[in-house]
Amino acid sequence: MTPSRLRAWGGWATQVVALTAVNFVVGRLGLLLAIPPGYATAIWPPAGVALAALLLFGYRFLWPGVWLGSFFVNILTSLDSTTGPSSAAVIPACIATGSSLQALLGAFLLRRYRAFPHALDGGRAVAKFLLLAGPTSCWLAATVGV
């Protein structure tokens, strides 16, 4: 490996680890809003963190950080609950896949339809951003996670 590729890989790995850690911490805090012993909560802050990270730093290479952060949050939750050991990793993996796909779809749609980067200085621009980042991409995590 050339030194420039090694530096680039090290930068990528650092970003993925950082995104995993931030997603994990925010996810654990978000689970404080859930009714135990479950996963369901009214709001899920890591979804916004994941979308913002993929928009700001690129979605092609940082999505593993979203997946890993979501997986670690949900694996701890599944070990705390009464689910059997056979599903202890399957459920968190499905939820993590849904979370990753949601963030990827949201980032892709916002860039594709030029809603990001944008000044968001008008009602139409804000509505476009919210529609693409919200219901248009959020159905994916709910569908895959179930």
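Predicted model only: the values in this text are computed from it and were never measured.

Draft legend 1. Focus on the overall build of the protein. Summing up its helical and strand segments, the protein has 6 helices and 0 strands in all. Along the protein, helices and strands appear, N-terminal first, in the series α-α-α-α-α-α. Sorting the 146 residues of the protein into buried and exposed places 36% on the buried side. Expressed as a percentage of contacts within the protein between residues at least 6 apart in sequence, the contacts between residues at least 24 apart total 67%.

Draft legend 2. Examining a nonpolar patch on the surface more closely. A cluster of nonpolar residues, Val-25, Leu-29 and Leu-32, forms a patch on the protein surface that exposes about 320 Å² of accessible area. Structurally, the position occupied by Leu-29 is in helix H1 (residues 3–30). Leu-29 gets classed as exposed once you look at its relative accessible area, which sits at 53%.

Draft legend 3. The arrangement of a positive patch on the surface in detail. Judged by side-chain charge, Arg-112, Arg-114, Arg-124 and Lys-128 come together as a positively charged surface patch. You can see Arg-124 is positioned in helix H5 (residues 123–133).

Draft legend 4. Just the side chain of Asn-74, in detail. Looking at the secondary structure, you find Asn-74 in helix H3 (residues 59–80). What makes Asn-74 buried here is its relative accessible area of 3%.

Draft legend 5. Structural context of the packing of aromatic side chains. All chains considered together, the criterion is met by 2 aromatic pairs. A ring pair is formed by Trp-67 and Phe-71, whose centres lie 5.0 Å apart and whose planes are at 10 degrees; its orientation type is stacked. Of this pair, Trp-67 and Phe-71 are both found in helix H3, 4 residues apart, which corresponds to roughly one turn of the helix. A relative accessible area of 24% places Trp-67 in the partly exposed class. For Phe-71, a relative accessible area of 15% puts it in the buried group. Taken together, the ring pairs in this structure connect Trp-67, Phe-71 and Phe-72 into an aromatic cluster. The ring of Tyr-113 has Arg-112 lying over it, and the distance from NZ or CZ to the ring centre is 5.4 Å.

Draft legend 6. Looking closely at the confidence of the model for the protein. Residues of the protein with pLDDT of at least 70 account for 86%, and the chain-wide mean is 83. Between the elements of the protein, mean pLDDT differs from a low of 81, seen in H1, to a high of 92, seen in helix H2 (residues 45–57).

Draft legend 7. Fine view of the nonpolar core. With 18 residues, the main nonpolar core has Leu-51, Leu-54, Val-66, Ala-107 and Leu-110 as its most contacted residues. The set of elements that each furnish at least two residues to this core consists of H1, H2, H3, helix H4 (90–112) and H5. Sort the elements by how many residues they give to this core and H2 lands first, with 5 residues. Apart from the residues within four sequence positions on either side, Leu-110 is in contact with Leu-51, Leu-55, Ala-115, Phe-116, Phe-129, Leu-132 and Ala-133.

Basis of the calculations
- Residues numbered from 1 in each chain as written.
- Predicted model: local features only at pLDDT ≥ 70, side-chain atom pairs only at ≥ 80, totals over all residues.
- Heavy atoms only, no water.
- Helix = DSSP H or I, 4+ residues; strand = E, 2+ residues; numbered from the N terminus.
- Buried < 20%, exposed > 50% of the residue type's maximum accessible area, 1.4 Å probe, protein only.
- Contact = heavy atoms within 4.5 Å.
- Patch = residues over 30% accessible without salt bridge, like charges linked within 9 Å, V, L, I, M, F, W, Y side chains within 5 Å.
- Areas by Shrake-Rupley, 256 points an atom, 1.4 Å probe, with all protein chains shown as cover.
- Salt bridge = Lys/Arg side-chain N within 4 Å of Asp/Glu carboxyl O.
- Lys, Arg positive; Asp, Glu negative; His and termini not counted.
- Charge placed at Lys NZ, Arg CZ, Asp CG, Glu CD.
- Phe/Tyr/Trp six-rings, centres within 6.5 Å; stacked < 30°, edge-to-face > 60°.
- Lys NZ or Arg CZ within 6 Å of the ring centre and 35° of its normal.
- pLDDT = per-residue confidence, 0-100.
- Core = buried A, V, L, I, M, F, W, Y, C linked by side-chain atoms within 4.5 Å.

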